[in-house]
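Report on the structure
Okay, here's what each chain looks like letter by letter:
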Amino acid sequence: MNGHYFLKNWWFCLKAFFLGCLLIYFIVLSLAGKAYAASDICIPTYDGVTGRPTIDGNISDDVGWTNATRVNLGRDGGVEYRANLRLSKDSNAVFIGVESKRPIGGSASMDLLILRIYPPSGPKWHIQLQPFAGEGGAVQVWLQDEGSSEWINKTVSPGNWLHTKMVAEINGDMWFLEMEIPRINSSTPIDVPDPLGPGIYFDPGAVFGFYINVLNSMEYTLPATTIQAAWPNDVIIEGTININDMVAFDSHVDQMADVSLSSRDACTGVSLDRHAIGTTNIPDSKIKLYQPDAGSLSDHCPPSPEQGLLTNIENVFKALPENNMATDAKDVFITYKIATWGIPPLDDKEWFEIGSSGEHDISPTPSPIPLDTFHVPWAPTYDESCTFLEHTHQCMVAIMSSTDVNTRFLNDSARRNMDFVTASKFERSAEISAVGYGVPPEGQNDKHEFLLSVKKTVQRYEKRGRVYIPVRKKTTGLATDKNVASRRPSKSELEELVELRRLNPDIVPIPMSVAGNNVQEAMTWITRGYLKTGNYITIGNKRFLILQDVGGFGYVVSHDGKVDEWGSTLTGNDLESIQKDTLYSISIPPGEMRTINTRIEAIQPRSFRGCFGLF
C-alpha cells in the first residue's frame, strides 16, 4: 500500500519525472480471499454445456471445471493462494481437482496430499497420495468402519479407482491433480472383490465430513522442511507426528468441513475480494499523509507541524463486497485497518484501526450497490503521519461484520498491500515481525527463524475494457473472453476488476488508471514468509521440519512500453541467502522486527532508455 508515497525534495521530484515509466501495482500476502473461509461447501453439477472435467492432470485449460466450487487452501496471502481445491459432480462421480504452487524449486517427490471423507453412513476414508513418488505415485488408504474408532490400513490394488481415475501432472513449480471418485449405492459391498470396493457412497441429501491438506516438502533445506495448505484453513498438524499414525493424526485434525451434493443456505453468503478494497485516491492504492519538507529529510518528520506540511489531507477507504445469498444481506458494516509490515505479527491487535462504515444492506449479486456505500474517511493527524512515514511498506485489511443473525459471510475479511508507484527503479522496505510468536524452539539461539521464498513471474498483458489481464497461450473461454470486461461499458474500473476476478480468481488485473495505455508485460514478485516451528512430520522414513505460513507481500510491476529484461534484489540486515534469488533466511528475537528491502528495475531497449544515461 502506498502509505507514504512522497517526494523528499525538489531534486527527487525532478528525477522521478524523468525516470517515471515503470508502474508498480502492489498486492499483499497476509490472511483471507475470494472463496470459502467458512467450513460449508455445496458441490454443484458440472456445466451442461462444457461437460464433465477431463481427468488428465490439466486443470487450468479444462472447461469441465467451469461450474465447479472453488476453495482456497491455507492462509490468505492477499495475492494468490499456494493451493486450491475444485469440486464438481454428476450422478456417477464426484470430481476433485487440486492445484499446488510449490514455494520454491526442487523435487516434488515427497509432496503429500491428504484427503479425509466421512460419509454419514458407511466407513470413513483417510487417503494419502504422493503424486510424484516414483512411477504412478504412491497411494495409501485407511478405513474406519461405522461405529468403530480403529483405522485399518487397506491394500490399494493396481486396478482400483484410486489408480485408474487419478492423474497428476507437474509444470515447473506447480502441480495439478485430478481425481474421479465413483459414486456407489449404499448397498454396494466394499470388500468384494477389491478391498476398497468400486467407489464411495455419498448420500445425495446428507452432509458429509471433508478434510484436505497439501504438504509441499523441500528436501534441500537444512533440515528438510514441509509447508501445509489445508481446509478447513486453520486445521493443520502442529506437533511432531508420524504421518501414518492415525491415532496421532486424529488428535491434530479434529475438525471437518461440512460438504453436501445438494444446495444449502449455509453455502451462500457475503464475500470480499482483496482487489475490491482500496481508497478513492488516484491510484486507489494511495494513502495521503502529512509530509516533511526537504529541510527535514534526516528525520521522518520535522519537530513541529509548522514546517512545510500539506493541509486538508483526507483519505476515503472503500470496498465492494458481493452477496450470493437469495435474500439481502442485512446490516453489513466494514472496518478498515492499516499496518506497516510485509510479514505481519501473530496478533491482529497490532493493526491501526481507521474506522467503520455505517450499516447497509447488500442485494444479491449481480445487483449493483453504490460504490460509496462502505466509504470511511480518514484524515491522518500529524503524529499518525509520522508513524507511517517511518516505514515505506504498508498493508490494509477490511473486516466485514453484521448485526443481523441471518447474514452469513463466506470470508469476513480481505487483506491487501496498497502500493502503486511510478519509477524506473523501484525500492521499497517492509517489516518482518516476530511479535506474538512466544518462545523460540530449542536450538535457535533464542531467536525465531524465518524462511523467505521469492517467486518472480513475467507475463504478457493485454487490454480488457478498463483493465489489463495476462495473455494466455490457450483461451478457456472464461475470464479471458475479450467481451467480458466490455459487456457493460457503464461499469466502473473497480466493478470490471471484481467481475473478472469472480470469473477467474487466478488472474491479477492491472487497472488502466495506474498502468497507462501501453502495458505489454509485467513481472509478479511474491515474497512468502515461513516460521520454523521446531515440530516434525515423518513421511515415509524421512523427517521434515514443519514451517508455519506467516503471510508475505508481493508486487505486480507493469511497464508502459517494451522491456528488455527485469532486475530485482532482496536485501536486509541479518538476511542470508540460501538459494540464489529464491530462498532466504532471517533470525529475529521474540517481540522484535527486522526490515528488508525489495528493489525492482525494468530495463528498456537501448533506443528507449532516454537521455543523459538516466535509464
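Further up the page is the structure itself.
Residues numbered from 1 in each chain as written. Predicted model: local features only at pLDDT ≥ 70, side-chain atom pairs only at ≥ 80, totals over all residues. Heavy atoms only, no water.

Quick look at the sheet that holds strand S3 (residues 69-73) now. The five strands are arranged S3-S4-S5-S11-S10 in an open sheet whose pairing can be described as antiparallel. Bordering the open sheet on either side are S3 and strand S10 (166-171), each of which pairs with just one other strand. Looking at each pair of strands side by side, their axes are set apart by 15° on average, direction ignored. Here S10 runs beside strand S11 (residues 174-182); their pairing, made up of six bridges, is antiparallel. The residue of S11 that forms the bridge with Ile 170 is Trp 175. (Pairing = 2+ DSSP bridges. Helix = DSSP H or I, 4+ residues; strand = E, 2+ residues; numbered from the N terminus. Axes fitted to C-alpha atoms, helices over the stretch in contact; angles between N-to-C directions.)

Moving on to unusual backbone geometry. Here Leu 222 and Pro 223 are connected by a cis peptide whose omega angle stands at -5°. Position of Pro 223 relative to the elements: it lies in the loop between strand S12 (207-218) and strand S13 (225-231). A cis amide bond, omega 15°, links Thr 365 with the succeeding residue Pro 366. Its place among the elements puts Pro 366 in the loop between strand S23 (360-362) and strand S24 (376-378). Phi is positive for Asn 445, which is not a glycine, with a value near 55°.

Summed over all chains, the structure comprises one disulfide. Cys 42 shares a disulfide with Cys 267; S-S distance 2.0 Å. Taking the torsion about the S-S bond as the criterion, the Cys 42 to Cys 267 disulfide, at about 85°, is right-handed. A residue pair is termed long-range when its members are at least 10 positions apart, and Cys 42 in strand S2 (residues 40-42) and Cys 267 in the loop between strand S15 (257-260) and strand S16 (270-271) qualify at 225 residues. You can call Cys 42 buried: its relative accessible area is 11%. Using a relative accessible area of 4% as the deciding quantity, one classes Cys 267 as buried. (Disulfide = S-S within 2.5 Å. Buried < 20%, exposed > 50% of the residue type's maximum accessible area, 1.4 Å probe, protein only.)

A word on the environment of Arg 86. Looking at the element boundaries, Arg 86 is found in strand S4 (residues 83-89). For the pair Arg 86 and Thr 69, spaced 17 residues apart in sequence, the C-alpha to C-alpha distance is 5.5 Å. Here the side chain of Arg 86 touches Asn 84 through a polar contact of 3.5 Å, side chain to side chain. (Polar contact = N/O pair within 3.5 Å; in protein donor to acceptor, adjacent residues only side chain to side chain.)

Scanning the model with the defined rule gives 16 salt bridges in all. Put simply, Glu 180 and Arg 52 hold a salt bridge, and the shortest N to O gap is 3.5 Å. In this pair, Glu 180 sits in strand S11 while Arg 52 sits in the loop between S2 and S3, placing the two residues 128 residues apart along the sequence. The buried category is assigned to Glu 180, whose relative accessible area is 12%. Three or more residues are tied together by salt bridges with common partners; here these are Arg 52, Asp 90, Lys 165 and Glu 180. (Salt bridge = Lys/Arg side-chain N within 4 Å of Asp/Glu carboxyl O.)

If you trace the backbone, Trp 142 turns up in strand S8 (residues 138-144). The exposure class of Trp 142 is buried, given its relative accessible area of 6%. As for Trp 142 and Leu 196, which are separated by 54 residues in sequence, their C-alpha atoms are 9.4 Å apart. If near-sequence neighbours (up to four positions away) are discounted, Trp 142 is found in contact with Lys 124, Trp 125, His 126, Gln 128, Trp 151, Ile 152, Asn 153, Asn 244 and Met 246. (Contact = heavy atoms within 4.5 Å.)

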